[in-house]
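# Reading the structure
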Amino acid sequence: VMHPGTRVVILSPDDRRSGELRRLLRAGADAVVFAAQADACLAVTVRAVHAGQIVVPRSLRQHVVRQALSHREKQILRLVVRGTSGPPR
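From a predicted model like this one, the values you see are computed outputs, not experimental measurements.

Calculation criteria
- Residues numbered from 1 in each chain as written.
- Predicted model: local features only at pLDDT ≥ 70, side-chain atom pairs only at ≥ 80, totals over all residues.
- Heavy atoms only, no water.
- Helix = DSSP H or I, 4+ residues; strand = E, 2+ residues; numbered from the N terminus.
- Polar contact = N/O pair within 3.5 Å; in protein donor to acceptor, adjacent residues only side chain to side chain.
- Contact = heavy atoms within 4.5 Å.
- Expected span 1.5 Å × (residues − 1).
- Buried < 20%, exposed > 50% of the residue type's maximum accessible area, 1.4 Å probe, protein only.

## Section: the side chain of Thr 45
Along the chain, the position of Thr 45 falls in helix H2 (residues 38-50). Looking at Thr 45, its side chain comes within polar contact range of the main-chain oxygen of Cys 41, at 2.8 Å. Aside from chain neighbours lying at most four places away, what touches Thr 45 is Val 9, Ala 31, Val 33 and Val 55.

## Some remarks on H2
In this model H2 runs 17 Å from its N-terminal to its C-terminal C-alpha over 13 residues, within 8% of the 18 Å that 1.5 Å per residue would give. Along H2, the positions that sit buried rather than exposed are Ala 38, Thr 45, Ala 48 and Val 49. For H2, the secondary structure elements touched by its buried residues are strand E1 (9-12) and strand E2 (31-34). A positive backbone phi angle near 100° is found at Gly 52, which sits one or two residues after H2.

Next up, the structure:
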């Protein structure tokens, strides 16, 4: 059982796929460090996680970072927030 405020750093084999990485992050991991990079990155990663950051390998960042909403998606979200129920007339 995790305790509130517990930080989790995963030391992972280098061949971990992006889908597995997303599952680890959704399950509560705060960071993933590939085994081959552990000597160079583990201490820095632990400090970053302690400071509240989420850390993933650069090679997989594009697979886990959500892209910003498009202009059209923002327009639709504004309409939903305003309570619009259908297309504009």
